[in-house]
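Understanding the architecture of this molecule
What follows is the residue order along each chain.
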Amino acid sequence: MKWKDMVAMSLSSLFKRKVRTLLTVAGVVIGTCAIVVMLSFGIGIKKTTDDMMQSMGDLTVIQIENYSPSPDAEPLDDVMLEKIRALPGVQTLTPMFDVDSSAFQIRSGKYVYGGQITGVYMNALSEFGYEMEAGKLPEGTVEEGAILFGKDALYNFYNSKKNNNNMIYPEPDATGKVPDPYVNPMEDKLELVLRKTDDNNKKTVKPIKLKGLGIMAQDWSKNPSPGYSVFMDVKYARSLVEQYNKLNNIKVDKSKKFQYNGAVVKALDIKSVESVQDYIKAFGFQTYSMDSIRESVEQQTRTIQMILGGLGAISLLVAALGITNTMIMSIYERTREIGVMKVLGCVIGNIRAMFLIEAGMIGFIGGVAGLIFSYMLSFLINTLAANGGGVMGLGATGQISIIPVWLALGALVFSTMVGLVSGFSPANRAVKISALTAIRQE
């Protein structure tokens, strides 16, 4: 018997019993729709949490905190940073050196900067994903006196000639316009002046020329944040502090080794974050990254997906029982037909294949219809979520239910396989029927 003949006979058998076939297919439709929609919820939740994590910061960045290191930890100095840089999985790093604002001032004419100054590896900023609104990030060797301003840091300039400092703020006025800051570092002259702690100090203080390389875009997910900070090369910042100490005769306790306030490490990829963190912790330092939060969130997401998928699978299991029942009833009704086929010399394997095709068709047709209903239901849910601002705080963009291509194809294959597996036992029952007994049956 040819395959097209077996398919034609299977379709003919299904259409002869339209109501029963329709009810059986409906069970597969409900099961397929349930499992697809349930899993689509899990995928939607995962995408929402991934987007949320991405908005909170770079998942490959590790922060090293040097507030309370282990008693056995080595100092977080340049030597330690080179050890960390050499670790497998590390892409780049930078220390964080917070400069005491009382040590020196940045000036532009009568305007004085009164904000935070942070020393970093300037040539590493581009690898950390910092972006610019004006100018460009430095690459390679950075000249002395080169600095970068955060966008809002420009508003920390005040007029030193007025008693009330006359500061302006990056807030829109009555017309909705945000005022320009006093200083434009790309055009105005900048200089740095070391401050004296004693007015009787007769030492000459010569202003140091600075060069504004650009204005960094605001990004509060970064650490150190460019928002209200001025970045300069960390070695240059340390040399300025040394000059300040020398100017004011400040003696530094040389028995205490120099340490940075902290450091930021960028791993090659997300998979490397955990191992890099473990290495750094072994040095005795505390670390923080978004990876620890991501792991717990992903674990919760996987649990939710398993629960939702399990609920949908129960519906498909009920549909499988319906297919089995339908095929057994079909065999009882077609016992005489099976006997005639055997007497005429039909190969037993063809009889089994015919019933398996019939069961597989029920699963396939139910899977296709189930997918159509799943997409319709997913569209309806996402539309309602978008209009209502999300469900349970998720999917503010309307993407609560997401059905990727792999899920659609997987559901179709799975529903077809459910039909085939459900029809396997009835098909074996059909081939075991005695031909003479079958022919006698009325």
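Quick look at the structure, then. Being a predicted model, the structure only gives us computed values, none of them experimental.

Bringing the packing of aromatic side chains into the picture now. The full count for this structure, using the stated rule, is nine aromatic pairs. With a centroid separation of 4.5 Å and an interplanar angle of 10°, the aromatic rings of tyrosine 111 and tyrosine 182 are classed as stacked. Of the two residues, tyrosine 111 is situated in strand 4 (residues 111–113) and tyrosine 182 in the loop between strand 8 (157–159) and strand 9 (190–194); the sequence distance between them amounts to 71 residues. Overall, tyrosine 111 belongs to the buried group, its relative accessible area being 17%. Counting every residue linked through ring pairs, the aromatic cluster contains Phe97, Phe258 and Tyr260. Positioned above the aromatic ring of tyrosine 130 is the side chain of lysine 222, whose terminal nitrogen or guanidinium carbon lies 5.9 Å from the ring centre. The ring of phenylalanine 258 is capped by arginine 238, whose NZ or CZ atom sits 3.7 Å from the centre of that ring.

This paragraph deals with the environment of glycine 129. Relative to the elements of secondary structure, glycine 129 occurs in the loop between strand 5 (116–120) and strand 6 (132–135). For glycine 129 and lysine 222, which are 93 residues apart along the polypeptide, the C-alpha to C-alpha distance reads 8.7 Å.

The next thing to look at is the pairing of strand 11 (residues 229–233). Moving residue by residue along a regular strand, the side chains alternate between the two faces of the sheet. Of all five residues in strand 11, five are buried; the element is thus mostly enclosed. For strand 5 and strand 11, the ladder comprises five bridges, and the chain directions are parallel. Each residue of the ladder has a partner; that of threonine 118, found in strand 11, is phenylalanine 231. Strand direction decides the pairing type here: strand 7 (residues 146–150) and strand 11, joined by three bridges, are antiparallel. Residue pairing in the sheet places isoleucine 147 in a bridge with methionine 232 of strand 11.

Parameters and conventions
For every chain, the first residue of its written sequence is number 1, and the numbers climb from 1 along that sequence. A pLDDT threshold of at least 70 governs which residues receive local features in this predicted model, and a stricter bar of 80 or more applies before side-chain atom pairs are shown or counted, although totals over entire chains, interfaces and linings include all residues. Side-chain numbers come from the whole structure's heavy atoms, not from hydrogens or water. Classification of ring pairs rests on two measures: the distance between centres of Phe, Tyr or Trp rings, Trp counted by its six-membered ring, which must be within 6.5 Å, and the angle between planes, read as stacked under 30 degrees, edge-to-face over 60 and tilted in between. A run of H or I in DSSP becomes a helix once it reaches four residues, and a run of E becomes a strand once it reaches two; helices and strands are each numbered from the N terminus. When accessible area is computed with a 1.4 Å probe and restricted to protein chains, residues below 20% of their type maximum are described as buried, those above 50% as exposed, and intermediate ones as partly exposed. For a lysine, the NZ atom is tested; for an arginine, the CZ atom; a charge sits over a ring if that atom is within 6 Å of the ring centre and within 35 degrees of the ring normal. Strands are labelled as partners when DSSP assigns at least two bridges between them.

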